[in-house]
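Analysis of the macromolecular model
Single-letter residue listing:
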Amino acid sequence: MIVGIIGGGQLAQMLALAGQPLGIRCLFLDPSADACARSAGELLCGDYADERLLDRLAECAHVVTYEFENVPEASLRYLASRVAVHPGPGALAVARDRWHEKRLFADLSIPTPPFVAVDSRADLDRALGVVGWPAVLKTRTMGYDGKGQRVLRQAADADAAFSALSGTPLILEGFVAFDREVSIIAVRAASGEMRFYPLTENVHRNGVLAQSLARPGDPMTARAEAYARRLLEHLGYVGVLAVEFFQKGDDLLANEMAPRVHNSGHWTIEGAETSQFENHLRAVLGLPLGATHAVAAAGMVNFVGCLPESPAVLAVPGAHLHVYGKEPRPGRKLGHATARAPREAEVLAALSRLRALCDFADGR
Ligand code: AMP
């Protein structure tokens, strides 16, 4: 079986690695000749809109999936007319635009921070009147890892934020002084069967995920699952879906969804019965889904902008190292380590040792 993947980054690489024992091969489309996934499968190198390459992908693959939200919509629709594409183009169209995404959350009665679309400087003033202070101005599309967003704390911030981000449609959101951030990773098969991984508690630094901790039995689990279930059913979704939330008191406010495998689910590689990567492949290929329970206490630390020496990582009890093979650059995710242990306290100790090895040494 061959799975076509749009994008050749680490998520594509980890999908391909998960597929290998199952006899699944992956074929990637990426404009970069040194896309890191090439170590784990065949790379078609070229533009995402190149019809010749899209035809190759459609001819060779049994199903096509993607590892990022900013796939050109026309390319996905072109592919979808020739081969099965999961998750479907409808899910991607919603997830690639923060305004459409939040509209869908609201339509499905999934709480969100207050939000207003902003297309002009005058719109921004009106939006601030609705949303209040502080607020976050974000680009509606192409933003990830905290890029394309500015926090507005005082009137003087509005001009600077607008001139930095304008030129593309924007959204203003209320700034949430959250207690913690959590995400739910869900998987749905074409049959409608749904499974959920334990709720994950996440810590971000400068908008980039730094650490995740699996929280089996977390009291917010049922609510997060119910919200994810609404999205999966509404979208007729096939594959893995991640939904990120802010928790404030007893409220969960949806921040965004990712129609793909997600960084906050990397702990599942060693920490769950079936990893998010394997379950995504199973779902899109119509194979039976695997169990999603945690096999131990588990968590993950991202290596961003620097990669510690492997002996130092491997010396941490319960740690498993994943190196993506990317050129080091400030702010770039170069690898991660998962930690698994019988008790959560041991995992937390391992995560803090792992974080100390690469504590955002690039100064971000
Ligand atoms: P995002 O790209 O929307 O996932 O934002 C990246 C990170 O920035 C989030 O995980 C939060 O830590 C922070 N952030 C984004 N939006 C808000 C908000 N409305 N209120 C508070 N923090 C936010």
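Residues numbered from 1 in each chain as written. Predicted model: local features only at pLDDT ≥ 70, side-chain atom pairs only at ≥ 80, totals over all residues. Heavy atoms only, no water.

Evaluation of the coordinates by the stated rule reveals 21 salt bridges. Here D159 ties to R121 by a salt bridge, and the two come within 2.8 Å at their closest N and O atoms. Of the two residues, D159 is situated in helix α7 (residues 155–165) and R121 in helix α6 (residues 121–131); the sequence distance between them amounts to 38 residues. Residue D159 is classed as partly exposed on the basis of its relative accessible area, which comes to 48%. Its relative accessible area of 25% is what places R121 among the partly exposed residues. Residue E193 pairs with R195 through a salt bridge whose shortest N-O separation is 2.8 Å. For E193, a relative accessible area of 32% puts it in the partly exposed group. With relative accessibility at 26%, the residue R195 sits in the partly exposed group. What you see here is one network of salt bridges that share partners, running through R180, E201, R215, D218 and E344. (Salt bridge = Lys/Arg side-chain N within 4 Å of Asp/Glu carboxyl O. Helix = DSSP H or I, 4+ residues; strand = E, 2+ residues; numbered from the N terminus. Buried < 20%, exposed > 50% of the residue type's maximum accessible area, 1.4 Å probe, protein only.)

With that settled, the discussion passes to the domain arrangement of the chain. A common way to report how large an interface is uses the accessible area buried once the components associate. On domain assignment, one finds that the chain holds domain 1 (2–85), domain 2 (114–174) and domain 3 (180–363). Centre-to-centre, using C-alpha coordinates, domain 1 lies 34 Å away from domain 2. (Domains from an automatic or database assignment.)

Looking now at the sheet that holds strand β8 (residues 149–152). Strand pairing in a sheet relies on backbone hydrogen bonds. The paired strands run either parallel or antiparallel. The four strands are arranged β6-β9-β7-β8 in an open sheet whose pairing can be described as antiparallel. Because the sheet does not close on itself, it has two edges, and the strands there are β6 (115–118) and β8. For this sheet the average axis-to-axis angle between neighbouring strands, irrespective of direction, equals 20°. (Pairing = 2+ DSSP bridges. Axes fitted to C-alpha atoms, helices over the stretch in contact; angles between N-to-C directions.)

At a minimum axis distance of 11 Å, the contact between α6 and α7 shows a crossing angle of 135°. Between α6 and α7, the crossing angle belongs to the class labelled oblique. Every pair of crossing elements has a handedness; the one defined by α6 and α7 is right-handed. Counting all contacts with α6, which are made through R121, L124 and L128, the residues of α7 involved are A158, D159 and F162. When its residues are assigned to classes, the contact of α6 with α7 shows four nonpolar, no polar and two charged. (Parallel < 35°, antiparallel > 145°, perpendicular 65-115°, else oblique. Left-handed = near helix turned anticlockwise from the far one by under 90°. Contact = heavy atoms within 4.5 Å. Nonpolar A, V, L, I, M, F, W, Y, C, P; charged D, E, K, R; others polar.)

Right, let's talk about helix α2 (residues 51–60) for a bit. If you check which residues of α2 are buried, you get L53, L54, L57 and A58. One face of α2 carries all of its buried residues, which in axial projection span an arc of 140°. Residues of α2 that are exposed and angled more than 90 degrees away from the buried face: R52 and E59. Looking at the buried residues of α2, the elements they touch are β1 (2–6), β2 (25–30), β3 (42–45), β4 (63–66) and α3 (73–80). Where α2 begins, one side-chain oxygen reaches toward the backbone nitrogen of R52, 3.0 Å away; that side chain belongs to D50. (Arc of directions from axis to C-beta. Polar contact = N/O pair within 3.5 Å; in protein donor to acceptor, adjacent residues only side chain to side chain.)

Turning to the environment of A242, a few remarks are in order. The residue A242 is located in strand β14 (residues 239–248) in this model. Along the chain, A242 and H280 lie 38 residues apart, while their C-alpha atoms are 11 Å from each other. For A242, the contacting residues outside a window of four places in its chain are I184, I185, E256, M257, A258, R260 and H262.

Here we take up the state of the cysteines. Using the criterion set out here, one finds one disulfide in the structure. With its sulfur 2.2 Å from that of its partner, C306 forms a disulfide with C358. Linking C306 in the loop between β16 (297–304) and α11 (310–314) with C358 in the segment after α12 (344–357), this pair joins segments that are 52 residues apart in sequence. Overall, C358 belongs to the buried group, its relative accessible area being 3%. Its sulfur unpaired, C26 is 13 Å from the next cysteine sulfur, which belongs to C60. The class of C26 is buried, set by a relative accessible area of 5%. C36 supplies the cysteine sulfur nearest to C45, a cysteine that is in no disulfide, at a spacing of 13 Å. Here C45 falls in the partly exposed class, since its relative accessible area comes to 40%. (Disulfide = S-S within 2.5 Å.)

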